[in-house]
Amino acid sequence: MERDMKRHARILSVALLLLAPALGAVAQEYKAGSIEIQHPAAKATLPGQPVGGGFFTLVNHGAEADRLVSITSPVSGDVQMHEMSMQGDVMKMRKLEDGIAVPAGATVTLAPGGLHVMFMGITAPFREGESVPATLTFEKAGAVAVEFKVEAFKPGHAGGDGHTGN
Ligand SMILES: [Cu+2]
């Protein structure tokens, strides 16, 4: 009997150790229906920079395709979805008028150099450590409020690279 208890305690502590990394990540995960939004992060902006970049990972746990159709935020009157891609040796930016498709069972990652969110005409700089509130609206899963955690990304996209012309 006592040995059983000890064994249970040991199994429990192992289970907690395995869970610990997952628990750490929970704070930055959001759900809308069967869509999971992981780690929304925004790039810290430079002084005077009019646009901010945002990123996250979408996971569709459902059996139906869905689509991220719009993003709104109190810090920007126009939040757009963009895609960057190489055309020859030129990096091209494209505004995604139809949003971002999230096929059934798919994981779609927004990251510097690829799909991203663009906060146009931001009302205040994005400072590292702060959060940018936004609402993501999916065609089927509906709307979900998220917080983009502002992080210092490596230099690159979203800094005076012609975004304001989009
Ligand atoms: Cu962009």
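In what follows, the structure referred to is the one given above.
Note that the structure is a prediction, hence the values are computed from the model and not measured.

Visitor: Can you walk me through the pattern of salt bridges in this structure?
Guide: Opposite charge on two side chains lets them pair, provided their charged atoms get close. Enumeration over the complete set of coordinates arrives at 2 salt bridges. Note that Lys 95 is salt-bridged to Glu 97, the shortest N-O span being 3.9 Å.

Visitor: In this structure, what is going on with the pairing of strand β1 (residues 29-32)? I would like to understand it.
Guide: Side-chain positions along a regular strand alternate between the two faces of the sheet. Every second residue of β1 is oriented toward a common face, the buried set being Tyr 30 and Ala 32 and the non-buried set Glu 29 and Lys 31. In this sheet, strand β2 (residues 35-43) lies alongside β1 in antiparallel orientation, the contact comprising 4 bridges. Paired with Lys 31 across the bridge in β2 is Glu 36. Where β1 folds back on β2, the antiparallel hairpin that results is connected by 2 residues, among which Gly 33 adopts a positive phi of roughly 55°.

Visitor: Is there a simple way to think about the pairing of strand β5 (residues 76-87) in this case?
Guide: Strand direction decides the pairing type here: strand β4 (residues 66-73) and β5, joined by 2 bridges, are antiparallel. Each residue of the ladder has a partner; that of Ser 73, found in β5, is Ser 76. Once β4 ends, the chain turns through 2 residues before running back antiparallel as β5. In terms of strand pairing, β5 meets strand β9 (residues 115-120) through 6 bridges, oriented antiparallel. Within the sheet, the bridge partner assigned to Val 79 lies in β9 and is Phe 119. Relative to strand β6 (residues 90-95), β5 runs antiparallel, the two sharing 6 bridges. Bridge pairing in β6 links Ser 85 to Lys 92. Hairpin connection between β5 and β6: a loop of 2 residues separates the two successive antiparallel strands, and Gly 88 in this loop has a positive phi of roughly 65°.

Visitor: Would you explain the packing of aromatic side chains in this entry?
Guide: For any pair of aromatic rings, the description rests on two quantities: the centre-to-centre distance and the angle between the ring planes. Considering all chains together, one arrives at 3 aromatic pairs under this definition. Relative to Phe 126, the ring of Phe 119 lies with its centre 5.4 Å away and its plane at 80°, an arrangement referred to as edge-to-face. Here Phe 119 falls in the buried class, since its relative accessible area comes to 0%. Their ring planes at 90° and their centres at 5.4 Å tell us that Phe 119 and Phe 148 sit as a pair that is edge-to-face. Of this pair, Phe 119 sits in strand β9 while Phe 148 sits in strand β11 (residues 142-151); the two residues are 29 residues apart in sequence, bridging distant segments of the chain.

Reading guide: rules and limits
- Residues numbered from 1 in each chain as written.
- Predicted model: local features only at pLDDT ≥ 70, side-chain atom pairs only at ≥ 80, totals over all residues.
- Heavy atoms only, no water.
- Salt bridge = Lys/Arg side-chain N within 4 Å of Asp/Glu carboxyl O.
- Buried < 20%, exposed > 50% of the residue type's maximum accessible area, 1.4 Å probe, protein only.
- Helix = DSSP H or I, 4+ residues; strand = E, 2+ residues; numbered from the N terminus.
- Pairing = 2+ DSSP bridges.
- Phe/Tyr/Trp six-rings, centres within 6.5 Å; stacked < 30°, edge-to-face > 60°.

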